[in-house]
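# Residue-level structural notes
Each chain is listed here by its residues.
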Amino acid sequence: MSINSLVAMSVGELVDAYAAGDLSPVEVTRTVIDHSQATNPSVNALFSFRPEEALATAKASEARYRAGSPAGLLDGVPVTVKDSVAIVGWPYAHGIAANRDLPTSNYNAPPALALINSGAPIFAKTTMPDCGLMASGISSLHGITRNPWGLSWNTGGSSSGAGASVAAGMGFLSVGTDIAGSVRLPSSHCGLASLKPTQGRVPHLPPDPMRMAGPMGRRVDDIARMLTVLARPDERDTWSFPDEAIHYHEHLNRDLKDMRIGVLTDMGFGPKPERAVREAVEAAGRLLEGAGAIVEPFTSPLDHDAYAPIDRYLQVRGFVEYSDLPPHGGNGINAYLRDWAMQGGLLSGVDIYRNLGAITKMKADLFAAFEGWDYVLAPTLPVVNFPAEEPGLSREVPLAHTVFTALFNQTGQPASTVCTAFDDRHLPIGVQVIGHRCDDLGVLQVTKALEDMREISMDWPLLPRA
């Protein structure tokens, strides 16, 4: 098959074709690898290509399908994983040039292990910005990752390579990680569907109270299938949930009648949404209202800069990582990130404790505001896009434009993104669906409804656009 034909297929259709003997995991994987190697030089989304390993996995997958015993829901489906997801024998550099010569990983992080056990051929890793602490596609190690919808535009971050590669047909799915929006932001920039699960739904390492891994793909059906694979217990992550054995991809249809959905277009502080973004969110609300939901404005309870204490906490995180880097010259880490993170070294233990208290209060305020609502629609980010060479909307605060995403990492609520519109430059606009903790399925159901009702055609940029 051509890459165009493959991209037109859902993952479910692909594995059904494998089971019927109509398609070969080996030929599909080879087609994806060939397309990726031809396309990646212009996008710069992938590194550490492992075509022989992936083809060996695909050959084993083909044998299992012939025997009628596939290993899992993603058996034979070519995928990628982010730089920050450890895989035995693969590099783990966290986007930082100073880590270029570190030894390869000696353990499999839970998302990687889940993919391996499911039989998915992993053919490359995806790029990310330094430390995962910039919402852009700039990395001191990897260079600039560019958006296939327009190479002069940003991919967002920190799962920058994951977003760009899947949009350009370089793999069916990718695992990203999210600490302030890092799965949702690149998905919005690149026109994908994605989910930041409830904290603990998808185990990851090292354990963290606000960073998690999540699926990124071209369709809600696909990310729901991937979530089914990833959402399994792993006691190495002390926040991970017990096995609930939910097959998310089998339960995406839902009647929206009388569902209470709020529309949030002003967080009460920070950058306000551009007109095209605000209109996309409001239009998504009207679609859900037409399907029977009760849709009304959602007023943010926040009247102060609730991101500021999160930013200071992340500065400390960045300062610690910077301080622990191998010896390097002045170019071992992105200069914007370094200058921002160095401020974290000036904060005292008392400062940090007060910041955590402010975050706790913000969480309580948001939880109280969510009472009585089933779901809330919001922008994924306040702008459609910004130039590929920029670290963010603010050079002083790399994550300043994450006001609609970062707060829900702190609350641990599930939040998805799906493309529902394009602006007049034909750049994607993502809308965020936020739900109550542990209602990952409900968030996916509402996101699927939006995907089904949208009035745009997703003409994937398999030949990246200048």
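Everything here concerns the structure above.
This section reports on the structure supplied with the text. Keep in mind that this is a model prediction, so the values were computed, not measured. (Residues numbered from 1 in each chain as written. Predicted model: local features only at pLDDT ≥ 70, side-chain atom pairs only at ≥ 80, totals over all residues. Heavy atoms only, no water.)

## Regarding empty space enclosed by the protein
Per the counting criterion, the structure on display carries 1 cavity of 30 Å³ or more. The computed volume of the largest cavity comes to approximately 40 Å³. Lining the largest cavity, in full, are Ser-188, Val-277, Thr-380, Leu-381, Val-383, Val-384, Pro-428, Ile-429 and Gly-430. Of the residues forming the lining of the largest cavity, the biggest block, 3 residues, is contributed by strand β13 (residues 428–435). Here the lining of the largest cavity is composed, by residue class, of 6 nonpolar, 3 polar and no charged. (1 Å grid on protein atoms, 1.4 Å probe; cavity = no way out; pocket = protein on both sides within 12 Å on 5 of 7 lines; lining within 4 Å. Points joined across faces, edges and corners; volume = space filled by probe spheres on them. Helix = DSSP H or I, 4+ residues; strand = E, 2+ residues; numbered from the N terminus. Nonpolar A, V, L, I, M, F, W, Y, C, P; charged D, E, K, R; others polar.)

## Let's talk about the packing of aromatic side chains
Taken as a whole and judged by the stated rule, the model has 6 aromatic pairs. Seen in terms of ring centroids, Trp-149 and Trp-460 are 5.9 Å apart; in terms of plane orientation they differ by 55°. Their pairing is tilted. With Trp-149 in the loop between β5 (143–144) and α6 (160–167) and Trp-460 in the segment after α14 (440–453), this residue pair connects regions lying 311 residues apart in the sequence. Using a relative accessible area of 4% as the deciding quantity, one classes Trp-149 as buried. On the basis of relative accessible area, Trp-460 is assigned to the buried category, the value being 11%. Taken together, the ring pairs in this structure connect Phe-298, Phe-370, Trp-373 and Phe-408 into an aromatic cluster. In this arrangement the basic side chain of Arg-50 is found over the ring face of Trp-90, its NZ or CZ atom lying 4.3 Å from the centre. (Phe/Tyr/Trp six-rings, centres within 6.5 Å; stacked < 30°, edge-to-face > 60°. Buried < 20%, exposed > 50% of the residue type's maximum accessible area, 1.4 Å probe, protein only. Lys NZ or Arg CZ within 6 Å of the ring centre and 35° of its normal.)

## Considering the sheet that holds strand β12 (residues 415–422)
Reading across the sheet, the 11 strands line up as β1-β3-β2-β6-β8-β7-β12-β13-β11-β9-β10 and stay open at both edges, with mixed pairing between neighbours. One side of each edge strand has no neighbouring strand; the edge strands of this open sheet are β1 (46–47) and β10 (294–297). Sheet topology places strand β2 (residues 79–82) next to strand β3 (residues 122–126); 4 bridges connect them, and they run parallel. Counterpart to Val-79 in the pairing with β3 is Ile-122. (Pairing = 2+ DSSP bridges.)

## Looking at the side chain of His-189
Mapped onto the fold, His-189 is located in helix α7 (residues 184–190). A distance of 3.2 Å separates the side chain of His-189 from the backbone oxygen of Val-384, its partner in a polar contact. (Polar contact = N/O pair within 3.5 Å; in protein donor to acceptor, adjacent residues only side chain to side chain.)

## Quick notes on the pattern of salt bridges
In total, this model carries 24 salt bridges according to the counting rule given. Of the charged contacts, one joins Asp-440 and Arg-201 as a salt bridge, the two residues approaching to 2.9 Å between their closest N and O atoms. A residue pair is termed long-range when its members are at least 10 positions apart, and Asp-440 in helix α14 and Arg-201 in the loop between β7 (193–196) and β8 (212–217) qualify at 239 residues. Overall, Asp-440 belongs to the buried group, its relative accessible area being 0%. Within the structure, one salt-bridge network assembled from shared partners comprises Asp-221, Lys-448, Glu-451 and Asp-452. (Salt bridge = Lys/Arg side-chain N within 4 Å of Asp/Glu carboxyl O.)

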